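Below are the chains, spelled out letter by letter.
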Amino acid sequence: MFWFTQGLSFLPLFLVVSSSSTFIVCYIISVFRRDVDVLFPYISDTGANPPESCIFGLMTVISSCAGIATIYARYKFVERLNEEPVKVKPHLNTAALWLGMISCLGMCIVATFQETEVTYVHDGGALMFFLSGVIYIVLQTKISYVIHPPGSSANTFRARVVITIIAIFAFFPSILKSAIKQRKSLACIFPVSAFYKSLLSLSENTAVICAFFVKQTQLHRHKEDKDYPFHVASAVCEWIVAFSFIFFFLTYLCDFQRFTIQVKTEYVEQY
């Protein structure tokens, strides 16, 4: 018997392979077609134009479905452990379940609405995906602490702690899409205070750090752009957070080898 056929370990394995393939394949295609820059494109940029947008949308939806199945299986595993001496607060497990589902919904929104066409909806979906995803892995790390050693090993818990810390620190720059525009164009955006404007040496313009509120209209960036450093920081951190999620689900492999889920069919009595 192959190791990935034990228990439900194929679920996180399929999720890891499908999601990483989505990012890597779309990146390769978009770079080959010169739709994006080789260095520091946003993940969404690699799926903005056809044909990579079609591949990005399809593979992301598949990954989100795999994510839903994996997250639900994890929920049932922790629920089963609660029948033993190990006790996890039910509301903690339930909150992790719903946050994971919201994150998967955000993935579907990101895949369906391209950033160059429906920017605000796309950015809202990205916010759902990243924010809910980070909170989800934080809660799962907490749960891992409570259920080990019977639910997971100490090394697995340590690995999840490291991945979670990396994801948290990379999360905030990843949602910063910076824009430097004239003041009249920023009626609905939050302007930064004078202190930060001077700190960023942008005295002639209003410096704005936008968390998913700036319209992304170009896929190619230039080092001469005033907001290029912000773009680099947010793009790099976006990739770090995305692959932090992937590596976190990779740590589920050993846990998922230990259980299965069965569907029970019962007749409904007719009166």
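Residues numbered from 1 in each chain as written. Predicted model: local features only at pLDDT ≥ 70, side-chain atom pairs only at ≥ 80, totals over all residues. Heavy atoms only, no water.

Participant: Go over the overall build of the protein, please, and point to the residues and values.
Facilitator: In terms of helices and strands, the protein carries eight helices and two strands. Listing the helices and strands of the protein from first to last along the sequence gives α-α-α-α-α-β-α-β-α-α. Put simply, the protein has 271 residues, and 47% of those count as buried. In the protein, the proportion of contacts linking residues at least 24 apart, taken out of those at least 6 apart, comes to 76%. (Helix = DSSP H or I, 4+ residues; strand = E, 2+ residues; numbered from the N terminus. Buried < 20%, exposed > 50% of the residue type's maximum accessible area, 1.4 Å probe, protein only. Contact = heavy atoms within 4.5 Å.)

Participant: Let's hear about the pattern of salt bridges: which residues, and what values?
Facilitator: Proximity of charged atoms lets side chains of opposite charge pair with each other. Taken as a whole and assessed by the stated rule, the structure comprises six salt bridges. Salt-bridge contacts for Glu52 lead to Arg33; the nearest nitrogen and oxygen are separated by 3.4 Å. Taken together, the residues span a long stretch of sequence, with Glu52 in helix 2 (residues 52-81) and Arg33 in the loop between helix 1 (10-32) and helix 2 at a distance of 19 residues. Residue Arg74 pairs with Asp255 through a salt bridge whose shortest N-O separation is 3.1 Å. Taken together, the residues Arg74 in helix 2 and Asp255 in helix 8 (residues 252-256) connect sequence positions 181 residues apart. Note on Arg74: relative accessible area 0%, which makes it buried. (Salt bridge = Lys/Arg side-chain N within 4 Å of Asp/Glu carboxyl O.)

Participant: Could you give an account of the nonpolar core, naming the residues involved and the relevant values?
Facilitator: When a protein is soluble and globular, its nonpolar side chains tend to lie buried together. Within the largest apolar cluster, 47 residues are counted, with the highest numbers of intra-cluster contacts made by Phe130, Tyr136, Ile143, Val241, Phe245, Phe249 and Phe256. At the level of elements, helix 1, helix 2, helix 3 (90-112), helix 4 (119-147), helix 5 (154-174), helix 7 (228-250) and helix 8 are the ones that each hand at least two residues to this core. Ranked by residue count, the leading element in this core is helix 4, at nine residues. Residues within four places of Phe249 in sequence aside, it is in contact with Pro12, Leu15, Val16, Thr70, Ile71 and Tyr136. (Core = buried A, V, L, I, M, F, W, Y, C linked by side-chain atoms within 4.5 Å.)

Participant: For the packing of helix 4 against helix 7, give the residues involved together with the corresponding values.
Facilitator: Packing of helix 4 against helix 7 brings their axes to within 11 Å, and their N-to-C directions diverge by 40°. Here helix 4 is positioned oblique relative to helix 7, judged by the angle of their axes. The two elements helix 4 and helix 7 meet at a crossing, and its hand is left-handed. Along its contact with helix 4, which presents Phe129, Phe130, Gly133, Val134, Tyr136, Ile137, Gln140 and Thr141, the element helix 7 presents Glu238, Val241, Ala242, Phe245, Phe248 and Phe249. Looking at side-chain class alone, the contact of helix 4 with helix 7 contains ten nonpolar, three polar and one charged residues. (Axes fitted to C-alpha atoms, helices over the stretch in contact; angles between N-to-C directions. Parallel < 35°, antiparallel > 145°, perpendicular 65-115°, else oblique. Left-handed = near helix turned anticlockwise from the far one by under 90°. Nonpolar A, V, L, I, M, F, W, Y, C, P; charged D, E, K, R; others polar.)

Participant: Summarise a nonpolar patch on the surface; cite the residues concerned and give the values.
Facilitator: A contiguous nonpolar surface patch, about 570 Å² in accessible area, is contributed by Val38, Leu39, Phe40, Val162, Ile166, Val236 and Ile240. If you list the elements that add at least two residues to the nonpolar patch, you get helix 5 and helix 7. Structurally, the position occupied by Ile240 is in helix 7. On the accessibility criterion, Ile240 (35% relative accessible area) is partly exposed. (Patch = residues over 30% accessible without salt bridge, like charges linked within 9 Å, V, L, I, M, F, W, Y side chains within 5 Å. Areas by Shrake-Rupley, 256 points an atom, 1.4 Å probe, with all protein chains shown as cover.)

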